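Coordinates in review
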Amino acid sequence: MTVPTGRIHSWDLSTGVDGPGTRFVLFLSGCPLRCLYCANPDTWHMRDGRETTVDDVMAEIEKYRAFITTAGGGVTITGGEPLLQPAFIGEVLRRCKEAGLHTALDTSGFLGARATDELLADTDLVLLDIKSFDIGTYRKLTGGRLAPTLSFATRLDRLGVPMWIRYVLVPGWTDDPRSVDALAGFVAELGRVERVDVLPFHKLGASKYDALGIPFPLRDTPVPGPALIDSVRKRFKERGVPAY
């Protein structure tokens, strides 16, 4: 069987933001969505990525194995949208599991149907980005449909795959209490959700838009204050869902 190659943007090491412990984070190129708050517009197009092999990726991971395992971490595959390249990431996940490494997949779930059961069996944790629970807002915010993500969430729950839900809090977009409550209710019904991370909107990627010569749509949108962040986290906690 031919081992697939993939197109990657970069890799990095992180602690506490891409799954448990210290992680080797692999950024893949290509994404079907165009989230207005995206901090990585340089990952949108697969053509801009660097072609690489699974062996090359595993060789890079191996350099940091002792460091990430000692720190209770593992490997996280993100993007872009990694499920644009399911054969490639499936092989990376399989090899990581064989090597005894904890695996995490960071995805919008929009292409969840492309993830085979075998791929998910090699995934210890899914970081699932649910951008909004309002259909209209989701469409305006991302350019995509909400239904595939919710379907993927219920499938992960059925398969017993642990999830961390990620929710980016954008004032005027994703702070509507009714929408937050509806999402909290949905999440509370999923037995495999371990936590919700309420992530405050930021503008750290604005310089990337400038470098690419494209407008940053939410440049004038304020970042959320502590009171708003706490109130949204409280709404999840009131449904019995740990929120951070």
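See the structure shown above.
Along each chain, residue indices are assigned from 1 in the same order as the chain's sequence is written. In keeping with the model being predicted, local features are shown solely for residues with a pLDDT of at least 70 and side-chain atom pairs are shown and tallied solely at 80 or more, while totals for entire chains, interfaces and linings include all residues. To get the side-chain values, take all heavy atoms of the structure and skip hydrogens and water.

**Things to note about the layout of surface pockets**
- Here the largest pocket defines a volume of roughly 1000 Å³.
- If you go around the largest pocket, you meet 39 residues; those closest to its centre are Ala39, Asn40, Asp106, Arg166 and Leu199.
- Working definition: helices are DSSP H or I runs of at least four residues, strands are E runs of at least two. Numbering for both runs from the N terminus. Elements represented by at least two residues in the lining of the largest pocket include exactly β5 (102-107), β7 (163-169) and β8 (193-200).
- In terms of residues, the lining of the largest pocket owes the most to one element, β8, which gives five residues. The definitions used throughout rest on a 1 Å grid laid over the protein atoms alone, on which a cavity is an enclosed set of points accommodating a 1.4 Å probe that cannot get out and a pocket is an open set flanked by protein within 12 Å on both sides along at least five of seven lines; lining residues are those having an atom within 4 Å of a point. Grid points are joined across faces, edges and corners, and a volume is the space filled by probe spheres set on the points.

**Here's the deal with the nonpolar core**
- Take the buried Ala, Val, Leu, Ile, Met, Phe, Trp, Tyr and Cys residues and link them wherever side-chain atoms come within 4.5 Å; each set so joined is a nonpolar core. Partly exposed residues are those whose accessible area sits between 20% and 50% of the maximum for their type, while under 20% is buried and over 50% is exposed, using a 1.4 Å probe and protein chains only. Residues Met163 and Phe236 are the most contacted members of the largest nonpolar core, which totals 66 residues.
- Filtering out sequence-adjacent residues up to four positions away, Phe236 remains in contact with Tyr167, Val180, Leu183, Ala184, Val196, Val198, Val241 and Ala243. Two residues qualify as a contact provided that any one of their heavy atoms is within 4.5 Å of a heavy atom in the partner residue.

**Here's the deal with the sheet that holds β7**
- Strands were regarded as paired on the criterion that DSSP finds at least two bridges between them. The eight strands lie next to each other as β3-β1-β2-β4-β5-β6-β7-β8, forming an open sheet whose pairing is mixed. Looking along the sheet, the strands with just one partner apiece sit at the ends: β3 (50-53) and β8. Mean inter-strand twist for the sheet, computed between neighbouring axes without regard to direction, equals 30°.
- Direction of pairing for β7 relative to β8: parallel, over a ladder of seven bridges. When the bridges of β8 are listed, Met163 appears paired with Val193.
- An axis is simply a line fitted to the C-alpha atoms; with a helix, the fit covers only the stretch in contact. Between two such axes, the angle follows the N-to-C directions and lies from 0 to 180 degrees. In the packing of helix α6 (residues 147-159) onto the sheet, contacts are made with β5, β6 (125-129) and β7, and the angle to β6 comes to roughly 160°.

**Quick look at the pairing of strand β1 (residues 5-15)**
- Pairing between β1 and β3: four bridges, direction antiparallel. Considered in β3, the bridge of Gly6 is made with Thr52.
- Here seven bridges tie β1 to strand β2 (residues 22-28), and the two strands are oriented antiparallel to one another. Bridge pairing in β2 links Trp11 to Leu26.
- Between β1 and β2, which follow one another and run antiparallel, lie six residues, and Gly16 among them has a positive phi close to 85°.

Remember, this is a structural readout, not a statement about activity or role.
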